[in-house]
Amino acid sequence: MECVVQGIIETQHVEALEILLQGLCGVHKERLRIHELCLKSGPNLGHVASEVRVLCDLEQPDPTWMVRHIGGSIWGSGADQISVLVRAMVESKVSKNVLRLFYALGYKLDHELLRVGFAFHFQRGASITVTVSSVNKMLKLHATDEAVPVTPGIQLVEVTALASSENYTEVAAAVSSFCEYLAPLLHLSKPGTSTGVVSTAAAAAAAASLMSDAGVTT
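Values in this document were obtained by computation on a predicted structure and should not be read as measured data.

We now examine the overall build of the chain. The helix and strand tally for the chain stands at 5 helices and 9 strands. For the chain, the succession of helices and strands along the chain, N to C, is β-α-β-β-β-α-β-α-β-β-β-β-α-α. A total of 218 residues make up the chain; the buried ones form 40% of that total. Split by element, the accessible area of the chain, about 11900 Å² in all, is 54% carbon and sulfur.

Ranked by internal contacts, the top residues of the largest apolar core, which has 33 residues, are L17, L21, I128, V159, V175, F178 and L182. Breaking this core down by element, the ones donating at least two residues are β1 (2-10), α1 (14-25), β6 (108-123), β7 (127-137), β9 (154-162) and α4 (168-179). The element best represented in this core is α1, accounting for 7 residues. In this structure L21 touches G26, F118, F120, V130, V132, F178 and L182, once residues within four positions along its chain are discounted. Counting 11 residues, the second-largest nonpolar core is a separate cluster that includes L37, V52, V67 and Y107.

With that settled, the discussion passes to the side chain of H35. Mapped onto the elements of the fold, H35 is located in strand β2 (residues 30-40). Polar side-chain contacts of H35 include one of 2.7 Å to the side chain of E112. Leave out the neighbours within four places in its chain, and H35 touches V54, L55, C56, L58, E112, L113, L114, M138, H142 and T144.

What the rule picks out here adds up to 9 salt bridges. The residue E18 makes a salt bridge to K29 at a minimum N-O spacing of 2.9 Å. Pair noted here: E18 is in helix α1 and K29 is in the loop between α1 and β2, with a separation of 11 residues, a long-range link. Relative accessible area serves as the criterion here: at 22%, E18 is assigned to the partly exposed category. Between E91 and R68 there is a salt bridge, with its nearest N and O atoms 2.9 Å apart. Residue E91 is located in strand β5 (residues 85-94), and its partner R68 is located in strand β4 (residues 64-73); the two are separated by 23 residues in the primary sequence. Beyond isolated ion pairs, a larger network of salt bridges with shared partners links E36, K40, E51, R53 and R115.

A few words now on the pairing of strand β3 (residues 51-57). Among the 7 residues that make up β3, 5 are buried, leaving the element largely enclosed by the rest of the structure. By the bridge criterion, 7 bridges tie β2 to β3 in an arrangement that is antiparallel. In the strand pairing of β3, C38 is matched with R53. Note: β3 against β4, 5 bridges, orientation antiparallel. Across the sheet, L55 pairs through a bridge with M66, a residue of β4. Between β3 and β4, which pair antiparallel one after the other, the connecting turn spans 6 residues.

Quick look at the pairing of β5 now. Where β1 and β5 come together, 3 bridges link them in antiparallel fashion. Counted as the bridge partner of E2 is R87 from β5.

Structurally, V157 is set in strand β9. Sequence separation of V157 and S133 is 24 residues, and the distance between their C-alpha atoms is 6.7 Å. With sequence-adjacent residues up to four places away left out, V157 is seen in contact with V5, Q6, G7, I9, L17, V130, T131, V132, L186 and L188.

Inspection of the secondary structure puts V90 in strand β5. The class for V90 is exposed, based on a relative accessible area of 57%. Distance from V90 to I70, taken between C-alpha atoms, is 6.6 Å for residues 20 residues apart in sequence. Residue contacts for V90: discarding those within four places in its chain leaves V67, R68 and H69.

Criteria and cut-off values
- Residues numbered from 1 in each chain as written.
- Predicted model: local features only at pLDDT ≥ 70, side-chain atom pairs only at ≥ 80, totals over all residues.
- Heavy atoms only, no water.
- Helix = DSSP H or I, 4+ residues; strand = E, 2+ residues; numbered from the N terminus.
- Buried < 20%, exposed > 50% of the residue type's maximum accessible area, 1.4 Å probe, protein only.
- Areas by Shrake-Rupley, 256 points an atom, 1.4 Å probe, with all protein chains shown as cover.
- Core = buried A, V, L, I, M, F, W, Y, C linked by side-chain atoms within 4.5 Å.
- Contact = heavy atoms within 4.5 Å.
- Polar contact = N/O pair within 3.5 Å; in protein donor to acceptor, adjacent residues only side chain to side chain.
- Salt bridge = Lys/Arg side-chain N within 4 Å of Asp/Glu carboxyl O.
- Pairing = 2+ DSSP bridges.

Written as structure tokens, this is what we have:
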């Protein structure tokens, strides 16, 4: 399972966010160029629709493939008290023939996206990943070179951490605690809960302060 929160940030403030993350994480960023294909099962595979995501990391010299299935989230009074979403998630490395396999099983391509940006992987009370990316749609099937932004000027920020049924409370607390450091630049919340962007003036002031402290001139 995983703990996750999401938010959005204006592209003009991404550099300041990167500087902040670099200081907090103490590791180098990893560039991302992920081709994501969402597949849904056909009627021959049961009455309940199944959805899987096939991911290809195009940034690697030899592109690597992953398959990911996201399940339901925990619920009940306990879940309401946690500020991050805790949900079932399974992923695995696969070969480049994975699409052929799923199509043979009866899955159909629902949509595809190209995510371009960067990520930080670090340890801070839990193994946490922060991803910042622009989300792009394809105008033609698999035409990643012709992808255009879904929301120009806005980038998606995701903070995730792997957890288990035994330790998800501690992991969720670690994620929530880390997210407090990002509050000057963006609002983070459970996926599906829109909190909007930090006001331009407030984000600009925070960004200017961060970049000044880092010795960056514009």
